[in-house]
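Structure assessment
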Amino acid sequence: MSDTAGGSLSLTLSRGIELLEVVCAADSPLSIGEVAQQLGVHRSAAYRLLRTLEAHYLVRRDDAGRIHPAAGLTNLARGVENSLQTVGLPIMTKIADALEMSCFIAVAQGADCFTLMTVEATTSHAVTQHPGTRHHLDRGAPGVALLSGLTAQQRSDIEGLELSDKAQADLEEARQNGYASSFDEVIPGVGSVAVPLMAAGQLPATLAVVYPRQEVDEAHIAATLHQGVDTMLARLGAA
């Protein structure tokens, strides 16, 4: 197994994780050749990585040989901030149906914002923020809301985080309003409202909704989200 300079990272493991990320992010199942091309490796190297991931049920191939995420991923995802997901699900369901929008929790790791879980409204067809969606913290309402919940020292400790003038202005506005809003920043044609969700023992998080282009009452949405956060924090504290 090869290591990067300094021996701090396993190159083979890194390639395998990259393959998994490529497969999970694809809009449709990929062939082994397409995966190899995206990773920039020879087809035989991609195949060896694929076989290892298949052995752990993290990916599977269909009859045409195209690669899909597999059932083993559910165990991995379930363990991420498990308490937050368990407590959040029924609360998010109520919010999604009340606002007729998809409700989601995103968490911060490093300088990125990751969607942890999403609940769609049962009363209407809503825009969906897929779990695993990743973007930089300085873009979109969820990222800005996350930043607004951190102290100045915590923000300065995030390696690779450099805020543009716009992001800094958005952050100051979010700190004043208690929520962040955005449109057309992460997903084209989609808006979002988000509030900080900072629970002891959990990753910094945000509770948010997404919606298609439409007029909305941001203050009402934010108040609904804050109520959801208060309920989650109370239940987490009682657990």
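The text that follows walks through the structure, step by step, so that each part is easy to find. Since this is a predicted model, take the numbers as computed values, not measurements. (Residues numbered from 1 in each chain as written. Predicted model: local features only at pLDDT ≥ 70, side-chain atom pairs only at ≥ 80, totals over all residues. Heavy atoms only, no water.)

1. Structural notes on the nonpolar core
Membership of the largest hydrophobic core comes to 30 residues, with the highest contact counts inside it found for I105, L207 and V209. Only α5 (82-99), β3 (102-109), β4 (112-119), β7 (190-197), β8 (205-212) and α9 (218-238) provide two or more residues apiece to this core. Among the elements that make up this core, the one with the highest residue count is α5 (7 residues). When neighbours within four sequence positions are excluded, I105 is seen to be in contact with L84, M92, F114, T115, L116, M117, L197, A205, T206, L207 and M232. One finds A145, L146, L150 and V190 within the second-largest nonpolar core, a separate group that totals 21 residues. (Core = buried A, V, L, I, M, F, W, Y, C linked by side-chain atoms within 4.5 Å. Buried < 20%, exposed > 50% of the residue type's maximum accessible area, 1.4 Å probe, protein only. Helix = DSSP H or I, 4+ residues; strand = E, 2+ residues; numbered from the N terminus. Contact = heavy atoms within 4.5 Å.)

2. A few points about the pairing of β4
Taking burial as the measure, the 8 residues of β4 include 6 buried ones, the bulk of the element. With 7 bridges joining them, β3 and β4 adopt antiparallel strand pairing. If you follow F104 over to β4, its bridge partner there is T118. Hairpin geometry of β3 and β4 is characterised by an intervening segment of 2 residues between the two adjacent antiparallel strands and by a positive phi of about 60° at G110. Inspection of the sheet shows β4 paired to strand β5 (residues 134-136) by 3 bridges, in the antiparallel sense. Across the sheet, C113 pairs through a bridge with H135, a residue of β5. (Pairing = 2+ DSSP bridges.)

3. Some details on the pattern of salt bridges
Summed over all chains, the structure comprises 9 salt bridges. The shortest N-O distance in the salt bridge between E54 and R51 comes to 2.9 Å. One end of the pair is E54 and the other is R51, both in helix α3 (residues 43-55) and 3 residues apart, which spans about a single turn. The closest approach of N and O atoms between K166 and D170, which form a salt bridge, is 2.6 Å. One end of the pair, K166, and the other, D170, are both in helix α8 (residues 165-177), 4 residues apart, so they sit about a helical turn from each other. Look at K166 and you get partly exposed, because its relative accessible area is 48%. (Salt bridge = Lys/Arg side-chain N within 4 Å of Asp/Glu carboxyl O.)

4. Observations regarding the side chain of D112
Tracing the chain through its elements places D112 in strand β4. A distance of 2.8 Å separates polar atoms of two side chains, one belonging to D112 and the other to R134. (Polar contact = N/O pair within 3.5 Å; in protein donor to acceptor, adjacent residues only side chain to side chain.)

5. Re α3
Between its terminal C-alpha atoms α3 stretches 18 Å, which fits the 18 Å expected from 13 residues at 1.5 Å a residue. Turning to α3, its buried residues number three or more, namely A46, L49, L50, L53 and E54. For α3, the angular spread of the buried residues around the axis is 140°, confining them to a single face. Exposed and oriented more than 90 degrees from the buried face of α3 are R48 and A55. In this structure, the buried residues of α3 make contact with α1 (11-25), α2 (32-39), β1 (59-61) and β2 (67-69). (Expected span 1.5 Å × (residues − 1). Arc of directions from axis to C-beta.)

6. Here's the deal with the sheet that holds β4
In spatial order, the strands read β5-β4-β3-β8-β7-β6; together these 6 strands make up an open sheet with antiparallel pairing. For this open sheet the edge positions go to β5 and β6 (180-183), each flanked by a neighbour on one side alone. Each neighbouring strand pair of the sheet contributes to a mean axis angle of 30°, computed without reference to strand direction. Relative to β7, β6 runs antiparallel, the two being bridged by 4 bridges. Looking across to β7, one finds that S182 is bridged to S192. Lying on the sheet, α5 is in contact with β3, β4, β7 and β8; it crosses β4 at an angle near 70°. Against the sheet, helix α6 (residues 140-148) makes contact with β3, β4, β5, β6, β7 and β8, and its axis sits at roughly 20° relative to β7, the strand it touches most. (Axes fitted to C-alpha atoms, helices over the stretch in contact; angles between N-to-C directions.)

So yeah, pure geometry; function would need other evidence.
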